[in-house]
Amino acid sequence: MTPKASNTRLKAARLAAGYNSQQALATALGVGVRQVRRWESENPPWPHPELGEALTRILGQGLDALGFTPPGGRDRPEARRRLAGATVGLAAVPSQATATMQPASVATDFEAVTRSHRRLYWSVAPATLHPAAIAHATLGCALLPETAGQTRRAVAAALAETWLLAGRIEFFDLCEPERASNTLLRALQAAGEADAPLLGSAILAHTAFIPAWAGRRDDAAERMVAARTYARRGAPSAELLAWLDAVEAECETRCGNSNTALHLIGHAEDVLAAGSEHASPDWLDWFSPVRLAAFKGNTQLKAGHLPQARTTLLGVLAEMPVAENKQRTVVYGDLAAVEAASGNPDGACKYALRALDQLEVTWYATGMDRVREVRRALAPHQNEQCVRDLDDRLYGWSTTVSALAR
């Protein structure tokens, strides 16, 4: 039996945009499925202006490329091109551009690489992973104009996550805040293309670290207000909301407001205890109750609550998963700082050496910063043997070359 003729152009564009059924496209347009069925028939009726504009916006192609023939006197090629351009409010795009539209599967494939990079961050050297993340983001920027509808949103979300990963590496691992600022802006733009408010919230919160590290509290606070605003637009999990508290707490700690930071951490603990009906997004892999406790221990240290900080940080070490190599370095550094502040250079050097051991396995610039802060705090004890041993290790050939190379 001969298959019934249909508007194959519209169907192909619908599938490429990620609408796997006529009902899915109808829902996106706010029309009945019967309307979409008519458009995909052998002689599709010319859409009403509002629906025509919505079709071209969602599917990323002009009406003529979607298989529609203008009625009456509008059937000349130049008129069709003019109509297609007017519909989307842009200059007409050559019809051969439709050959570059990617299939819906491109989103799944692009997302798979993004997920792999997310996992690799915890073990691969940042200087090695960063170029791969940037190259992947470049690919995403090239793919985005060749996608539409749900496919475009999925690619944009994965692109935003990739830029976020690159920005995290630049700030936390490579210590390049200016570069990180530009990269995070690209991440926010991609999140806007994806209409992903929770991802936007995470990106904005990361941008707050940059002024906070420079002591600009007002700028950091303003960015945190924006981050919380974006979170309210989505369905935030308890973990995401608690992480926002933890970020703001670290910003306040950096700006010398330890008591405010401890209050925020207490609120984060309450949020986690209360829970939420919403699940955390997959990309929120940098936060957990143990990570919150690590934030708390550092804040207690900065507030001068040394016994409490020691207890909190030892508890973090006991509960930290084996794979948390980067965070373990930071905790060792904070424990070393606790002992240095307590007048115990032997204990401080013991934990600092453990941090250096961990840094040889997984480099983390933030962890090395903690060790260097401890060494500066040990200046009054620099003639003691334990400090000299730490210096031998801190400024050994391999450690020095490794730090400069990274």
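Because the structure is predicted, anything quoted here is derived from the model rather than measured. Numbering of residues starts from 1 in each chain and follows the order in which that chain's sequence is written. In view of the model being predicted, local features appear only for residues whose pLDDT reaches at least 70, and side-chain atom pairs are presented and counted only at 80 or more, with totals across whole chains, interfaces and linings using the full set of residues. Side-chain metrics in this entry use all non-hydrogen atoms of the structure; hydrogen atoms and water are not considered.

A few words now on the nonpolar core. Here, the term nonpolar core denotes a set of buried Ala, Val, Leu, Ile, Met, Phe, Trp, Tyr and Cys residues that are joined through side-chain atoms within 4.5 Å. Buried, partly exposed and exposed residues are distinguished by accessible area as a fraction of the type maximum, computed with a 1.4 Å probe on protein chains only: under 20%, between the cut-offs, and over 50%, respectively. The biggest cluster of nonpolar side chains holds 97 residues, and the ones touching the most others in it are I203, W243, W283, W286, F287, V331 and L378. Residue contributions to this core peak at 12 residues, all from helix α8 (residues 149-173). Residue contacts are defined here by distance: any two heavy atoms, one from each residue, within 4.5 Å place the two residues in contact. Among residues more than four places away in sequence, those in contact with I203 are A160, L164, L184, A187, L188 and A191. Counting 19 residues, the second largest nonpolar core, distinct from the first, contains A13, L29, F68 and A148. Only DSSP runs of H or I with at least four residues qualify as helices, and only runs of E with at least two residues qualify as strands; both kinds are numbered from the N terminus onward.

Next up on the list: the confidence of the model for the chain. Taken over all residues, the pLDDT of the chain has a mean of 88, while the share at 70 or more is 89%. Confidence scores here are pLDDT values: one per residue, from the predictor, ranging 0 to 100. Low pLDDT (under 50) marks residues 73-99, which in the prediction has 24 contacts with non-local residues, meaning those over four places away or in another chain.

Here we come to the packing of helix α2 (residues 22-29) against helix α4 (residues 49-59). Think of each axis as a best-fit line through the C-alpha atoms, taken over the contacting stretch in the case of a helix, with angles from 0 to 180 degrees between the N-to-C directions. Where α2 meets α4, the axes come as close as 10 Å, and the angle between the chain directions of the two elements is 115°. Considering the relative orientation of α2 and α4, their crossing is right-handed. Together, L25, A28 and L29 of α2 and L51, A54, L55, I58 and L59 of α4 make up the contact between the two elements. Grouping the constituent residues of the contact of α2 with α4 by class yields 8 nonpolar, no polar and no charged. The hand of a helix crossing depends on one turn: near helix anticlockwise from the far one by less than a right angle means left-handed, and clockwise means right-handed. Lys, Arg, Asp and Glu make up the charged group, whereas Ala, Val, Leu, Ile, Met, Phe, Trp, Tyr, Cys and Pro make up the nonpolar group; the residues left over, Gly among them, are polar.

With that settled, the discussion passes to the packing of helix α11 (residues 217-233) against helix α12 (residues 238-254). At a closest axis distance of 10 Å, the pairing of α11 and α12 adopts a crossing angle of 175°. Here α11 is positioned roughly antiparallel relative to α12, judged by the angle of their axes. Facing R217, A220, M224, A227, R228 and A231 of α11, the residues of α12 in contact are L241, L244, D245, V247, E248, C251 and E252. When its residues are assigned to classes, the contact of α11 with α12 shows 8 nonpolar, no polar and 5 charged. Working definition: roughly parallel below 35 degrees, roughly antiparallel above 145 degrees, roughly perpendicular at 65 to 115 degrees, and oblique for all remaining angles.

Once that is clear, we can look at the state of the cysteines. Cysteine sulfurs are considered disulfide-paired once they come within 2.5 Å of each other. Taken as a whole and assessed by the stated rule, the structure comprises 0 disulfides. Sulfur of C255: no disulfide; nearest cysteine sulfur belongs to C251 and is 6.9 Å away.

A few words now on the environment of S201. In this structure, S201 sits in helix α10 (residues 197-213). Not counting the four nearest positions on each side in its chain, S201 is found in contact with A227, Y230, A231 and L244.

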